[in-house]
Amino acid sequence: MNSVNLTRPDVTLRLTREGLIVAATMMEHDRIETVPGWHGRHWHETVTAAGVETIRRLVDEALASGVSSFAPVNQMFPGGAEIPLEYTTVSLGENGGLIAIGRRFNVVADVEARLIESRRTMESNHWRLRESEPRDDLVFNAAADPMLLLDPETSVILRANPAARQALGAACTGRFLDLLTEPRRRSFAATLRQVRNDGQAPGVIAAIGPDRISWIVRISLIETGPAPSLLLHLSHPDNLSDTPANRAIHPTLIARLPDGFVVMDSEGIIEQANLAFLELVEAASESVVLAQPLDRWLKRGTADTAIILDLIRNHGTLIRLPVVLRGEFGAEHMVELSASAAGGMIGLLIRDISRESRPADSTGAPGPLARALQSLSWDIGATTIHEAVDETVAVVERHFITTALAQVAGNRKAAAALIGLSRQSLYLKMNRYGLE
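None of these values were measured; they are calculated from a predicted model. (Residues numbered from 1 in each chain as written. Predicted model: local features only at pLDDT ≥ 70, side-chain atom pairs only at ≥ 80, totals over all residues. Heavy atoms only, no water.)

**Student:** It is not clear to me how helix 8 (residues 305–315) should be interpreted in this structure. Could you clarify?
**Tutor:** The periodicity of an α-helix, 3.6 residues per turn, causes residues three or four places apart in sequence to face the same way. Among all positions of helix 8, only Thr305, Ile307, Ile308, Leu309, Leu311 and Ile312 are buried. Where helix 8 is buried, its residues meet strand 12 (260–265), strand 14 (317–326), strand 15 (332–342), strand 16 (345–352) and helix 11 (412–419). Within two residues after helix 8, Gly316 carries a phi angle of roughly 80 degrees, on the positive side. (Buried < 20%, exposed > 50% of the residue type's maximum accessible area, 1.4 Å probe, protein only. Helix = DSSP H or I, 4+ residues; strand = E, 2+ residues; numbered from the N terminus. Contact = heavy atoms within 4.5 Å.)

See below:
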């Protein structure tokens, strides 16, 4: 049986059970108009001679089964026009008569032609895909670098090429996220979501497998069969292009820096650390700090990793933010953090300032706080000790607040954490000293 969209019929006929036309309407230019000249006539009298038997069959089918099949006829209109229509007839019950619904046959034929063409296109694309699959398999299996295909929703490894099986061994099965350390999974899952939405994402560094070998992972969304997959291309960090724009810093230079240096991902998870940082946090080896959050060694009450990451996201860099690092065995160091971000990774320079003298600058002159305190003078008797204490506290608080705001580029949340105040207390003191 054919299928026709009957939501907007071209012609609608109300019939008696004998096929006599009681009412006739047609759709013309989005208006429903009555067709004059058909009332009181038998339906088969309004079509060409070739359609008389078709009309009688449609009426008989509707009376017998409630609804007829579709059939084409040439409908003759009172004005002399002859238009091919496709009709179906519906019974309204024993006492209700019939309804005949007609659509222009050329519209139906056009829809069927487009449907046939769509089927041909789908078949052509199917066979073209089938022909390309052997070529794709050949490229995938012959690739020198490890390559994996993942299910986009579950991260389950669907396929691994020989290079991946050789490099990762038994790790080429199951969920790819399970091959990462727990702190790294959340940020990598976010990267997979970005690829599903945008089709690609910047390459990231991840320690994969039980041996925690670092790889540069590049991910793209590709069409494979009935559903897309994620293609992971793994390469060693030392295989980066050696052009001036992409040349990697020699690891020996980082290792010998007198200041601490770490590389973190966008979630604050450490991917690389030099010897100076290991000494600051009293770590026996690099394996102690890899895949760990920087928060682990930040003393409570100073700026945490969330504040540091927020400052970097908002300003692109971080310049000399003072924090306290607490080592594995309890040693504390006052340090300054400077950082920049690129390609989804963050480079963090950590300078130990705990042994530096802070009251004076490099010329031997007193620092800004010392100068502010020197400007205070009190006469015994004219000034009480309580007034002197209040003035000193005001100078110190104002200095701490203005310095903290300058160091965190005006971020009040970060400034409050830096000097050990709640945000509400910081706002009250700023208002008291006219620092709004």
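**Student:** Any chance you could explain the sheet that holds strand 14 here in plain terms?
**Tutor:** The strands that make up a sheet are held in pairs by hydrogen bonds between backbone atoms, and each pair lies either parallel or antiparallel. Taken together, the five strands give an open sheet; going across it, the order is 13-12-16-15-14, and neighbouring strands pair in antiparallel fashion. Looking at the sheet topology across the chains shown, the edges are occupied by strand 13 (270–273) and strand 14. Averaged over neighbouring strand pairs, the angle between their axes works out to 25 degrees when direction is ignored. In this sheet, strand 16 lies alongside strand 15 in antiparallel orientation, the contact comprising eight bridges. Considered in strand 16, the bridge of Ser340 is made with Gly347. Relative to the sheet, helix 8 contacts strand 12, strand 14, strand 15 and strand 16, its axis offset from that of strand 14 by approximately 175 degrees. (Pairing = 2+ DSSP bridges. Axes fitted to C-alpha atoms, helices over the stretch in contact; angles between N-to-C directions.)

**Student:** What's the story with the pattern of salt bridges in this structure? I'm lost.
**Tutor:** Think of it this way: side chains of opposite charge can pair up when their charged atoms draw near. All chains considered together, the criterion is met by 11 salt bridges. Asp178 is the partner of Arg175 in a salt bridge, and the nearest nitrogen-oxygen pair spans 2.7 Å. We classify Asp178 as partly exposed; its relative accessible area is 40%. One continuous salt-bridge network, built from bridges that share partners, spans Lys299, Arg326 and Glu332. (Salt bridge = Lys/Arg side-chain N within 4 Å of Asp/Glu carboxyl O.)

**Student:** Would you mind showing me how to read the packing of aromatic side chains here?
**Tutor:** The description of an aromatic ring pair rests on the distance of the ring centres and on the angle between the ring planes. Within the structure shown, the criterion is met by four aromatic pairs. A ring pair is formed by Phe176 and Phe188, whose centres lie 5.4 Å apart and whose planes are at 40 degrees; its orientation type is tilted. Linking Phe176 in the loop between helix 3 (162–168) and helix 4 (182–198) with Phe188 in helix 4, this pair joins segments that are 12 residues apart in sequence. With respect to burial, Phe176 and Phe188 carry one shared label: buried. (Phe/Tyr/Trp six-rings, centres within 6.5 Å; stacked < 30°, edge-to-face > 60°.)

**Student:** How do you make sense of helix 11 when you look at a structure like this?
**Tutor:** Among the residues of helix 11, those classed as buried are Ala414, Ala415, Ala416, Ala417 and Leu418. Buried positions along helix 11 lie against helix 8, strand 14, helix 10 (385–407) and helix 12 (423–432). Backbone nitrogen of Lys413 and a side-chain oxygen of the N-cap are separated by 3.1 Å at the start of helix 11; the cap is Asn411. (Polar contact = N/O pair within 3.5 Å; in protein donor to acceptor, adjacent residues only side chain to side chain.)

**Student:** I'm lost on a nonpolar patch on the surface in this one. Help?
**Tutor:** A grouping of Ile385, Val389 and Val393 is seen on the molecular surface, where their side chains present a nonpolar patch of about 270 Å² in accessible area. In this fold, Ile385 is placed in helix 10. Ile385 gets classed as exposed once you look at its relative accessible area, which sits at 63%. (Patch = residues over 30% accessible without salt bridge, like charges linked within 9 Å, V, L, I, M, F, W, Y side chains within 5 Å. Areas by Shrake-Rupley, 256 points an atom, 1.4 Å probe, with all protein chains shown as cover.)

**Student:** What's the story with the side chain of Thr88 in this structure? I'm lost.
**Tutor:** Mapped onto the elements of the fold, Thr88 is located in strand 5 (residues 82–91). There is a polar contact of 3.0 Å between the side chain of Thr88 and the backbone oxygen of Ser68.

**Student:** Could you clarify how one ought to interpret the pairing of strand 4 (residues 71–76) in this entry?
**Tutor:** Side-chain positions along a regular strand alternate between the two faces of the sheet. Side chains Ala71, Val73 and Gln75 of strand 4 all project onto a buried face; the interleaved residues Pro72, Asn74 and Met76 project onto a face where none is buried. Count of turn residues in the strand 4/strand 5 antiparallel hairpin: five residues, of which Gly80 carries a positive phi of about 105 degrees.

**Student:** Would you mind showing me how to read the pairing of strand 1 (residues 11–15) here?
**Tutor:** Alternating positions in strand 1 separate cleanly, Val11, Leu13 and Leu15 being buried on one face and Thr12 and Arg14 remaining unburied on the opposite face. The sheet contact formed by strand 1 and strand 6 (residues 98–104) spans five bridges and is antiparallel. Residue pairing for strand 6: Leu13 is matched across the bridge by Ala100. Bridge count for strand 1 against strand 2 (residues 21–28) is five bridges, and the pairing is antiparallel.

**Student:** Could you clarify how one ought to interpret the nonpolar core in this entry?
**Tutor:** Nonpolar side chains in soluble globular proteins tend to be buried together. In terms of nonpolar packing, the biggest core is built from 42 residues, with Phe277, Leu321, Leu325, Leu337 and Ile350 touching the most fellow members. Beyond its immediate chain neighbours, meaning those up to four positions away, Leu321 contacts Ala303, Ile308, Leu311, Val335, Glu336, Leu337, Val408 and Leu418. Core analysis: the second largest hydrophobic core is formed by 24 residues, Ala164, Val195, Ile219 and Leu230 among them. (Core = buried A, V, L, I, M, F, W, Y, C linked by side-chain atoms within 4.5 Å.)

**Student:** Looking at this model, I keep getting lost on the packing of helix 10 against helix 12. Mind explaining?
**Tutor:** When two helices pack together, you describe them by how their axes are tilted relative to each other and by the distance separating the axes. At a minimum axis distance of 11 Å, the contact between helix 10 and helix 12 shows a crossing angle of 115 degrees. In terms of orientation, helix 10 lies roughly perpendicular with respect to helix 12. For the pair helix 10 and helix 12, the crossing hand works out as left-handed. Seen from helix 10, the contacting residues are Glu397, Ile401 and Leu405; seen from helix 12, they are Leu426, Lys429, Met430 and Arg432. Counted by class, the contact of helix 10 with helix 12 contains four nonpolar, no polar and three charged residues. (Parallel < 35°, antiparallel > 145°, perpendicular 65-115°, else oblique. Left-handed = near helix turned anticlockwise from the far one by under 90°. Nonpolar A, V, L, I, M, F, W, Y, C, P; charged D, E, K, R; others polar.)

**Student:** Before we go on, may I ask you to explain unusual backbone geometry in this structure?
**Tutor:** Both trends apply: most residues other than glycine have a negative phi, and most peptide bonds are in trans. Non-glycine residue Ala291 carries a positive phi angle of around 65 degrees. Summarising the element assignment, Ala291 is placed in the loop between helix 7 (286–289) and helix 8.

**Student:** Explain the side chain of Asp265 to me, please; I cannot follow it from the model alone.
**Tutor:** Relative to the helices and strands, Asp265 is located in strand 12. A distance of 2.9 Å separates a polar atom in the side chain of Asp265 from the backbone nitrogen of Glu267. Not counting chain neighbours up to four residues away, the residues in contact with Asp265 comprise Arg184, Ser187, Glu271, Gly344, Met345 and Ile346.

**Student:** Would you mind showing me how to read the environment of Pro322 here?
**Tutor:** Relative to the helices and strands, Pro322 resides in strand 14. Relative accessible area serves as the criterion here: at 13%, Pro322 is assigned to the buried category. The spatial distance from the C-alpha of Pro322 to the C-alpha of Val408 is 9.7 Å, given a sequence separation of 86 residues. The contacts of Pro322, once residues within four sequence positions are left out, are Met334, Val335, Glu336, Gln407 and Leu418.

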